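In case you want the letters, here they are:
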Amino acid sequence: MMIKNLGTLLLSGMLSVLLVACNTTTYKHNYTFTGEGEVWSAAYVQKATEKFIDKKGERPDYETSQQSTFELKYKGEQTDLDKIKDFKYIFKGTSGEESKTLEDVNGVRSELKSERSGSGAYEQEDSIIKVVVEWDGKKEEFDLEVRK
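The shown structure was predicted, so the numbers you read here are calculated from the model rather than taken from an experiment.

*Asks:* Explain the pattern of salt bridges residue by residue, including any values.
*Replies:* Considering all chains together, one arrives at four salt bridges under this definition. Close ionic contact of Lys92 with Glu97 constitutes a salt bridge, the shortest N to O distance being 3.7 Å. Take Lys92: its relative accessible area is 46%, and that puts it in the partly exposed class. The closest approach of N and O atoms between Lys130 and Asp143, which form a salt bridge, is 3.3 Å. A residue pair is termed long-range when its members are at least 10 positions apart, and Lys130 in strand 7 (residues 129-135) and Asp143 in strand 8 (residues 138-146) qualify at 13 residues. Its relative accessible area of 47% is what places Lys130 among the partly exposed residues. Residue Asp143 is classed as partly exposed on the basis of its relative accessible area, which comes to 30%.

*Asks:* An account of a negative patch on the surface is needed here, citing residue identities and associated values.
*Replies:* The grouping of Asp86, Glu103, Asp104 and Asp136 at the surface amounts to a negative patch. By secondary structure assignment, the location of Asp104 is in the loop between strand 5 (96-102) and strand 6 (111-118).

*Asks:* A description of the nonpolar core should follow, citing residues and the corresponding values.
*Replies:* Within the largest apolar cluster, 23 residues are counted, with the highest numbers of intra-cluster contacts made by Trp40, Phe70, Leu72, Phe87, Val133 and Leu144. Sorting the residues of this core by element identifies strand 1 (22-36), strand 2 (40-55), strand 3 (61-74), strand 4 (87-93), strand 7 and strand 8 as the ones contributing at least two each. Here this core takes four residues from strand 7, the largest share from any one element. Non-local contacts of Trp40, meaning those with residues more than four positions away in its chain, are made with Leu72, Lys73, Tyr74, Lys75, Leu81, Phe87, Val133, Trp135, Glu140 and Phe142.

*Asks:* Describe the packing of aromatic side chains, listing the residues and the values that go with them.
*Replies:* In the structure shown here, the tally under the stated rule is eleven aromatic pairs. When the ring of Tyr27 is compared with that of Phe52, the centres are 5.9 Å apart and the planes differ by 80°; the resulting orientation is edge-to-face. You can see Tyr27 sitting in strand 1 and its partner Phe52 sitting in strand 2, a full 25 residues away along the chain. Take Tyr27: its relative accessible area is 41%, and that puts it in the partly exposed class.

*Asks:* Before we move on, can you summarise the environment of Gly137 with the specific residues and values?
*Replies:* Mapped onto the fold, Gly137 is located in the loop between strand 7 and strand 8. Taking the C-alpha atoms as reference, Gly137 lies 8.3 Å from Asp86; in sequence the two are 51 residues apart.

*Asks:* Lay out unusual backbone geometry in plain terms, naming residues and giving numbers.
*Replies:* Phi angles above zero are rare outside glycine, and Asp136 is one such case at about 40°. Relative to the helices and strands, Asp136 resides in the loop between strand 7 and strand 8. A relative accessible area of 37% means that Asp136 is categorised as partly exposed.

*Asks:* So what's going on with the confidence of the model for the protein? Residues and values would help.
*Replies:* Parts of the prediction with low pLDDT should not have their coordinates interpreted in detail. Of the residues in the protein, 85% have a pLDDT of 70 or more, and the chain-wide mean is 86. Below pLDDT 50 for its whole length, residues 13-20 participates in one contact with residues either more than four positions away or in separate chains.

*Asks:* Quick one: what's the story with a nonpolar patch on the surface, residue by residue and with numbers?
*Replies:* On the surface, Tyr27, Phe52 and Tyr62 cluster together into a nonpolar patch covering about 320 Å² of accessible area. Within the element layout of this structure, Tyr62 appears in strand 3.

Cut-offs and rules
- Residues numbered from 1 in each chain as written.
- Predicted model: local features only at pLDDT ≥ 70, side-chain atom pairs only at ≥ 80, totals over all residues.
- Heavy atoms only, no water.
- Salt bridge = Lys/Arg side-chain N within 4 Å of Asp/Glu carboxyl O.
- Buried < 20%, exposed > 50% of the residue type's maximum accessible area, 1.4 Å probe, protein only.
- Helix = DSSP H or I, 4+ residues; strand = E, 2+ residues; numbered from the N terminus.
- Patch = residues over 30% accessible without salt bridge, like charges linked within 9 Å, V, L, I, M, F, W, Y side chains within 5 Å.
- Areas by Shrake-Rupley, 256 points an atom, 1.4 Å probe, with all protein chains shown as cover.
- Lys, Arg positive; Asp, Glu negative; His and termini not counted.
- Charge placed at Lys NZ, Arg CZ, Asp CG, Glu CD.
- Core = buried A, V, L, I, M, F, W, Y, C linked by side-chain atoms within 4.5 Å.
- Contact = heavy atoms within 4.5 Å.
- Phe/Tyr/Trp six-rings, centres within 6.5 Å; stacked < 30°, edge-to-face > 60°.
- pLDDT = per-residue confidence, 0-100.

Here it is in C-alpha cells:
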C-alpha cells in the first residue's frame, strides 16, 4: 500500500514540475473576410493559432499554424460561364498570394475553391485581401475584409 502511495506521490510531483517549468499561451486568429464586385463575390476563411511556449531558463518557442479556404462565386447563371476559354484569379493578402489560371477550357464552374494549410504567416483581423478575376478579356477587382 505504501509503495502505491509513493508512486502516486512521485507522479503528482513530476506533473507539477512539468506544469511549472513550461507555460504555453495560445492565441486564435479565426476570421472570415468577404467582399464582392458586380460579377463575382469571394470569401476567405482563416483558422490560425499562435503559441508562445515559455520554458523556464530557456529561450521561448514560438509556433504558428493556419488553415484557410478561398471561395470565389459567380453571381450570374452557370450558362454564362460555359463558353469561357481563358480564366484567371489571384488573391493577395499580407500573408502571401495565390493564383489559378485556366487556359483553353470550355467553361468554368460558378464556384471555385482553394484550400491551404501549414505554419508561418497568417492574416490579421484588419488585413485587406485584394482579389482580381480575369476572364476572356474582362477584369474585375475587389477587396475582402472582416465585416464587423
